[in-house]
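Read off the chains here:
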Amino acid sequence: MISRRRFTQAFAAGVAGVAATSLAACSSSAPATPAAAAPAGADLRVGSGENTTLGPIKQIDAGVLNMAYAEFGPATGQPVLLLHGWPYDPYSYADVAPQLAAAGYRVIVPFLRGWGQTRFLSPQAVRNGQQSAVALDIIALMDALRIDKAVLGGFDWGARTVAIMAALWPERCKAMVSVSGYIITNLEANKQPLPPAAELGWWYQYYFATERGAIGYDRNRHDFNKLIWKIASPQWNFDDATYDRSAASFDNPDHAAIVVHNYRWRLSLAPGEPQYDQYEQRLAAGPAISVPSITIGSDFDGAAKNGASYRAKFTGKYEHRVYDGIGHNVPQEAPRPFAQAIIDADRL
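Each residue is numbered by its place in its chain's sequence as written, counting from 1. Local features in this predicted model are restricted to residues of pLDDT 70 or higher, and side-chain atom pairs are both shown and tallied only at a pLDDT of 80 or more, whereas totals for entire chains, interfaces and linings draw on every residue. Excluded from the side-chain calculations are hydrogens and water; all other atoms, namely the structure's heavy atoms, are used.

**Section: the overall build of the chain**
- Think of it this way: any DSSP run of H or I at least four residues long counts as a helix, any run of E at least two long counts as a strand, and we number them from the N terminus. What the chain contains, in helices and strands, is 12 helices and 10 strands.
- In what follows, a contact means two residues having at least one pair of non-hydrogen atoms within 4.5 Å. Partitioning the contacts of the chain with sequence separation of at least 6, the portion at a separation of at least 24 is 79%.
- Each accessible area is a Shrake-Rupley estimate made with a 1.4 Å probe; only the visible protein chains count as cover when residues are assessed. For the chain, the accessible area works out to roughly 13,100 Å², and carbon and sulfur atoms hold 53% of it.

This is the structure:
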């Protein structure tokens with residue numbers, strides 16, 4: 001799910017009225033770019049649920065994975081990679097991808113490690129969910145597909161991943177769209193406690209930190225993740241069929257291990273792998289993003305939805321947009337505005 005600071009800001013603002021601490025944001029006096037708002041009365045949810053299939057799922061060896069992905073649009077189009085988060089899957093882009101394909105883009109929507117048909121090539125591989133490992137999976141996928149440079153879009157883990165790629169490998173990123181802005185994990189900052197009301201909103205992290213929680217998530221992943229969907233997007237009236245299409249991705253044999261490791265690693269309760277240390281050291285410095293970028297704030301972001309807390313992290317062409325009434329799963333809840341953001345970022 002989203003970074004600790006974003007979830008706690010939303011929870012504290014909506015439940016207790018407490019301003020949660022922004023752990024990873026860089027404070028700055030720089031003014032935020034005026035947010036682009038939808039026209040008054042516009043229904044941001046138009047088009048949501050129009051498509052119920054991703055089409056044939058393809059497979060390719062990429063780095064340490066045999067990665068599953070959906071592909072839309074002409075092979076000669078400008079590549080776009082769209083990345084999901086937890087507890088979601090590529091169906092978050094079932095309505096976005098066809099729109100971009102119709103506009104001439106080649107759209108790739110991968111299943112992250114631990115989701116769907118994506119598998120580790122080696123049974124001995126560490127089931128590692130740390131942020132740089134996930135980002136390098138996508139770099140490996142681009143290499144395998146012979147994509148030199150792409151427009152990147154994502155939310156939740158996907159937003160973190162596209163921000164990491166844009167920060168560390170800007171030559172591979174033509175432009176990016178990131179829901180909730182700059183959410184690269186800072187391990188040292190995550191060691192600091194939050195106000196009690198905000199900590200309550202992070203309940204599942206502490207659950208995952210225990211062996212009881214690891215077993216409980218593995219046994220109850222379907223119902224657990226459905227609960228998170230409802231908490232994160234309270235105004236999104238998704239039906240069982242919509243949820244169940246995504247829930248099938250959670251049956252991956254590595255899913256629970258990857259998710260639990262990700263959240264334990266964020267709290268420094270589980271180690272990463274040494275080969276990623278150099279990347280994590282660079283990310284700990286909070287690198288700026290220079291590629292053309294559009295960030296999106298939604299109701300889930302609470303007080304951070306205006307983007308002011310991370311504006312200074314984006315040093316290139318930049319816009320921030322706010323989608324009122326939309327929860328955390330922005331591309332699936334508001335597919336047309338999200339697709340337009342991808343197109344607009346490509347043209348910045």
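**Thoughts on a nonpolar patch on the surface**
- On the surface, a cluster of nonpolar side chains totalling about 240 Å² of accessible area is made up of Trp203, Leu227 and Ile231.
- Tracing the backbone shows Ile231 in helix H7 (residues 211–232). Residues with no salt bridge and a relative accessible area higher than 30% make up the patches, which join like charges within 9 Å and nonpolar side chains (Val, Leu, Ile, Met, Phe, Trp, Tyr) within 5 Å. Put simply, a salt bridge is a Lys or Arg side-chain nitrogen that is within 4 Å of an Asp or Glu carboxyl oxygen.

**So, the packing of H7 against helix H9 (residues 255–266)**
- At a closest axis distance of 10 Å, the pairing of H7 and H9 adopts a crossing angle of 120 degrees. One element, H7, and the other, H9, form an angle in the oblique class. Handedness of the H7/H9 crossing: right-handed. Here Glu211, Ala214, Tyr217, Asp218, Arg221 and Asn225 of H7 lie close against H9, whose contacting residues are His255, Ala256, Val259, Val260 and Arg264.
- Think of it as three bins: nonpolar holds Ala, Val, Leu, Ile, Met, Phe, Trp, Tyr, Cys and Pro, charged holds Asp, Glu, Lys and Arg, and polar takes everything else, Gly as well. Considering only residue class, the contact of H7 with H9 consists of 5 nonpolar, 2 polar and 4 charged. Axes here refer to lines fitted to C-alpha atoms; in helices the fit is confined to the stretch in contact. Angles between the N-to-C directions go from 0 to 180 degrees. Working rule for angles: under 35 degrees goes down as roughly parallel, over 145 as roughly antiparallel, 65 to 115 as roughly perpendicular, anything else as oblique. Should the near helix be turned anticlockwise from the far one by less than a right angle, the crossing is termed left-handed; should it be turned clockwise, right-handed.

**Let's talk about the pattern of salt bridges**
- Per the counting criterion, the structure on display carries 16 salt bridges.
- Across the pair Glu71 and Arg106 runs a salt bridge whose closest N-O atoms are separated by 2.7 Å. Of this pair, Glu71 sits in strand S3 (residues 65–72) while Arg106 sits in strand S5 (residues 106–110), placing them 35 residues apart in sequence.
- Arg221 is the salt-bridge partner of Asp218, the closest N and O atoms lying 2.1 Å from each other. Within this pair, Asp218 and its partner Arg221 are both found in helix H7, separated by 3 residues, close to a single helical turn.
- The buried label applies to any residue whose accessible area, calculated with a 1.4 Å probe on protein chains only, is under 20% of its type's maximum; exposed applies above 50%, and partly exposed to all values in between. Here Asp218 falls in the partly exposed class, since its relative accessible area comes to 40%.
- Residues participating in the shared-partner salt-bridge network are Lys58, Glu71 and Arg106.

**A few points about unusual backbone geometry**
- In this model, Trp86 is joined to Pro87 through a cis peptide bond whose omega is 0 degrees.
- Positioned with a positive phi, Arg146 is a non-glycine residue whose angle comes to about 60 degrees.
- Position of Arg146 among the secondary structure elements: in the loop between helix H3 (131–144) and strand S7 (150–154).
- For Arg146, a relative accessible area of 77% gives the class exposed.
- You will see that Ser268, though not glycine, has its phi angle at about 60 degrees, which is positive.
- Along the chain, the position of Ser268 falls in the loop between H9 and helix H10 (277–284).
- Exposure remark for Ser268: the relative accessible area of 37% places this residue in the partly exposed category.

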